[in-house]
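Single-letter residue listing:
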Amino acid sequence: MRKIHALVVFLPMLLSAQSVAVLRGKVVDPSDSPVPGARALLANALTGYERVAEASTDGTFEFTNVPFNSYRLRVTVSGFHEVSQDVSLRTSVPVSMTVRLAIESERTVVTVGGEPPPLVEPEETGTHVQLSLTAMSHFAGTNGPGLESVLVTLPGFAKNANGAIHPRGAHNQTTYVVDGMAIADQLTGAFANSLDPNVAQTVELFTGNIPAEFGGKTAAVVNVITKSGTGSGRRMQGNTMLQGGSFDALSQVTQVSGEFGRLGYSGALNTAKSHRYLDQVGLQNFHNGGNSERAFVRVDYQPNTKDTFRWTSMAGRSSFELANLRSQRAAGQDQRQLLRDASLSFGWVRALDPKSTLETTVSYRTAAASLIPSAGDTPVTARQDRRLSTLAASGRYTRLMGQHTLRAGLDYQGYPVRERFAFGITAADFNVPGEDGYNPNLLRHDLSRGGSLFRFDETGYGSMSSGFVQDSIKWKRLTLALGLRFDAYRFLVRASQLQPRLGVAWQLGRNTSLRASYNRTFQTPPNENLLLSASEKAAALAPPEVGATFGEQVAPIIPERQNVVEVGLQQGLGRYLGLSASFYRKTGKDQQDNNNFLNTGVIFPITLQKIRVKGAEARVTLLPVRGISGSLSATRSRAISTPPFTGGLFLGNDAIALLSAGPFVIDHDQALSLHGNVQYTHRSGVWISGSVRYDSGLVSNPSDPKVVAADPDYADLLPLVNLTSLPARVRPRTISDLAVGYGGGDGQRWEVIGEVSNLMDRPGLYNFQSVFVGTRLIAPRAFSLRLRLKW
């Protein structure tokens, strides 16, 4: 309680990042008289972002909640010619401008600042992609339950089961920042409730040259700007989407937004059910039903031109069955899992003067997971009840000084943790005395031989305090990003790290930009089940060979330290194609990872001695031309880990042998993945979208093919995995999706969408008997129909 009280006292002293800009303008005629009713369009063709505002009676307009980027502003009104102007919005300091219109008889079109390079962002010093989810809403294959279905279309990710994605060779070291609130929980379907993509206005992804203001888990940083009702011009508006499809899937999403003077609001309610809730563990979809409910509310209040307040709340609940193997179904296994979460955040931005702002955010998030056993559990029964909460306060000061954009801040996170876990062996043939692989340390928990349940029940409190300073310097065609961050981690171990973050970009001509960066990062361990994984009780379950090889003392799970180097290129290809490519190399000490408890949603953190990763990525974007738009992403990643390991809960000698040998190619490694999307929209409102994804295959467990062939749970999966290759891998797969829709345009009150996923019904594996994630299959062909009604 003393620690929580200290945090509450500390909150008013701290400040936080919201990463949104404000543009204010006034439209005047040649005599400087205001022009009411002028239409202002703010757009970025590369990201698909578009917003419209109308000038009021005094000629003023305002755009709030704008993601940091470069934009083109177009202002039109009857009787005057269009003005097109370049605008750079890259800080929280409000930008003010005057737009002077020419009378129609005087000129044709006014362009201020020259034609912007629509295919290159010359100020980007690292790999950074920004997407408008409105523009992505019609792309086939992105209608998943979580935000990961959108992220996986971008380069840098290896797609895994249940929505998990591996960023640049890491397991799941991703931080989500939602309206300034950092979430480092592992947000995948089996571990925690995913973020609802319906509430997002814009998503930006950082995988190269991570800005110094972001810490913790930084293999990827996903900054989410949620929808706001401010600027909607209506007291209430909304829509409801109803969806039905294969596997008895039903869902609805209702969204509402509006504004009352200086107060804007938005909200969403999402409910869903399916008999294929998670990815199945066998060709037959046994025992795999589930349902979820998610809610979101955001309120913005701007009492004057200097202050903006924002309140965001989210909550989610999901209840689902754990998919069964054949043997588990025959035994009557009925394990279930319940996930719950809730979060609140409050933000305040204060404009101190025309060149500086102060931003403050405080937040609280709590997430709970329960695993409920059944009488028929085999080969192991287990029960879990864990809770992870995060109290956070952080802040930012931003100052514009000529060619410099200075940003500095402080962060604090405190995380109280509670873990309760129990398990026991129920199958007499799982750990047989005298046979190869027998582990005598499990005998006392073998219920089939008179043992008792293993039990663990502990609480803990961890924290991380951080500070940073960064400067973006723009000089002619050169951009320098100079940052320095310091993290002090206090939990089961005490550790700290000074982290330089340095990047440079050089624009060569109108449509070419080169970049390079060096980052040192400090990756903290996952908090889920960390107490148990690092405990002496868990270490005592390992086979005696582990103690004989590495010693009996329990090694701590400590943060990972990485060095990351990246070089990249942006290139315009003609008028409508843009290319972004990068090559990176990173080395890490005390690699963070997880192991999965027998195909369940229970995960246990581990560390390996070190990891080295190198990869290449590219993304080609086609801007809309004659109704056609699209993108193609390519990713190649090579990841090699070196034992020994620390932590985890491994029940078999096979896993111990793998993680105690020499360097090995870890399951995040994949030679090539390609993801392409293309969409055509006819002027009648009919559109069609297709996507194709190719994955060359992740690394699987090196199981003996003869043993697998004799196992009725896995024998029919042998054609989908190559166990004779070095290393063993799941076989390549190519999956295509198709969507067709009509409606939803300006003035239309309804929209209908039909979609087929896995169009050719190709079978495939994400993983096979993996130490880290078990066995999971991709979804078979499925149909869905969506109807959206606007009101």
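Note that this is a predicted model, so its numbers are computed, not measured.

(A) Structural context of the sheet that holds strand 7 (residues 95–100). The strand order 4-1-7 describes an open sheet built from 3 strands, whose pairing is mixed. Edge positions in the sheet fall to strand 4 (60–67) and strand 7, since each of these pairs with one other strand and no more. Within the sheet, the average angular offset between the axes of one strand and its neighbour, ignoring direction, is 20 degrees. Of the strand pairs in this sheet, strand 1 (residues 20–28) and strand 4 are connected by 6 bridges, and their pairing is antiparallel. Paired with Arg24 across the two strands is Glu62, which belongs to strand 4.

(B) The packing of aromatic side chains, seen in detail. In total, this model carries 13 aromatic pairs according to the counting rule given. Residues Phe421 and Phe423 carry aromatic rings whose centres are separated by 6.2 Å and whose planes lie at 40 degrees to one another, so their mutual orientation is tilted. Side by side, Phe421 and Phe423 carry an identical accessibility label, which is buried. A centroid spacing of 5.5 Å and a plane angle of 55 degrees characterise the contact between Tyr742 and Trp750, whose relative ring orientation is tilted. Residue class for Trp750 comes out partly exposed when judged on its relative accessible area of 40%.

(C) Quick look at a nonpolar patch on the surface. Residues Ile628, Val678, Tyr680, Val686, Ile688, Leu738, Val740, Leu759 and Met760 make up a contiguous nonpolar surface patch of about 680 Å² in total accessible area. Secondary structure elements with two or more residues in the nonpolar patch: strand 34 (670–681), strand 35 (686–695) and strand 38 (733–743). Within the secondary structure layout, Tyr680 lies in strand 34. By relative accessible area, Tyr680 is classed as partly exposed at 33%.

(D) View of the pairing of strand 28 (residues 512–523). Here strand 27 (residues 494–507) pairs with strand 28 via 7 bridges, running antiparallel. Along strand 28, the bridge assignment pairs Gln507 with Ser513. Here strand 27 hands over to strand 28 after 4 residues, with Gly509 in that stretch at a positive phi of 75 degrees. In this sheet, strand 29 (residues 560–573) lies alongside strand 28 in antiparallel orientation, the contact comprising 12 bridges. For Thr521, the partnering residue across the bridge sits in strand 29 and is Gln562.

(E) Seen up close, the sheet that holds strand 14 (residues 200–206). With respect to topology, 5 strands assemble into an open sheet ordered 9-14-15-12-13, the strand pairing being mixed. If you trace the sheet from one side to the other, it starts and ends with strand 9 (128–132) and strand 13 (181–183), each paired once. Ignoring which end each strand starts from, the neighbouring axes of this sheet average 20 degrees apart. Bridge count between strand 12 (residues 174–178) and strand 15 (residues 220–226): 5 bridges; the pairing is parallel. Looking across to strand 15, one finds that Thr175 is bridged to Val221.

(F) Spatial organisation of the pairing of strand 41 (residues 774–777). Across 3 bridges, strand 40 (residues 765–770) lies against strand 41 in antiparallel orientation. Within strand 41, the residue paired with Asn767 across the bridge is Arg776. The hairpin turn running from strand 40 into strand 41, its antiparallel successor, is 3 residues long.

(G) Main features of a positive patch on the surface. There is a patch of like positive charges on the surface, built from Arg585, Lys610, Arg612, Lys614 and Arg636. With 3 residues, strand 31 (residues 603–625) is the largest single contributor of residues to the positive patch. Considering the arrangement of structural elements, one finds Arg585 in strand 30 (residues 577–596). For Arg585, a relative accessible area of 43% puts it in the partly exposed group.

(H) Region of interest: the side chain of Asp307. Along the chain, the position of Asp307 falls in strand 20 (residues 307–321). A polar side-chain atom of Asp307 sits 2.6 Å from a polar atom in the side chain of Arg350. In this view, Asp307 contacts Tyr301, Gln302, Trp348, Val349 and Arg350; residues no more than four positions away in its chain are not counted.

(I) Region of the structure containing the pattern of salt bridges. All chains considered together, the criterion is met by 37 salt bridges. Here the salt bridges share partners, and the residues they tie into one network are Glu213, Glu359, Arg396, Arg407, Asp411, Arg485 and Asp487.

Rules and cut-offs
Residues numbered from 1 in each chain as written. Predicted model: local features only at pLDDT ≥ 70, side-chain atom pairs only at ≥ 80, totals over all residues. Heavy atoms only, no water. Pairing = 2+ DSSP bridges. Helix = DSSP H or I, 4+ residues; strand = E, 2+ residues; numbered from the N terminus. Axes fitted to C-alpha atoms, helices over the stretch in contact; angles between N-to-C directions. Phe/Tyr/Trp six-rings, centres within 6.5 Å; stacked < 30°, edge-to-face > 60°. Buried < 20%, exposed > 50% of the residue type's maximum accessible area, 1.4 Å probe, protein only. Patch = residues over 30% accessible without salt bridge, like charges linked within 9 Å, V, L, I, M, F, W, Y side chains within 5 Å. Areas by Shrake-Rupley, 256 points an atom, 1.4 Å probe, with all protein chains shown as cover. Salt bridge = Lys/Arg side-chain N within 4 Å of Asp/Glu carboxyl O. Lys, Arg positive; Asp, Glu negative; His and termini not counted. Charge placed at Lys NZ, Arg CZ, Asp CG, Glu CD. Polar contact = N/O pair within 3.5 Å; in protein donor to acceptor, adjacent residues only side chain to side chain. Contact = heavy atoms within 4.5 Å.

These values are about where atoms sit, not about what they do.
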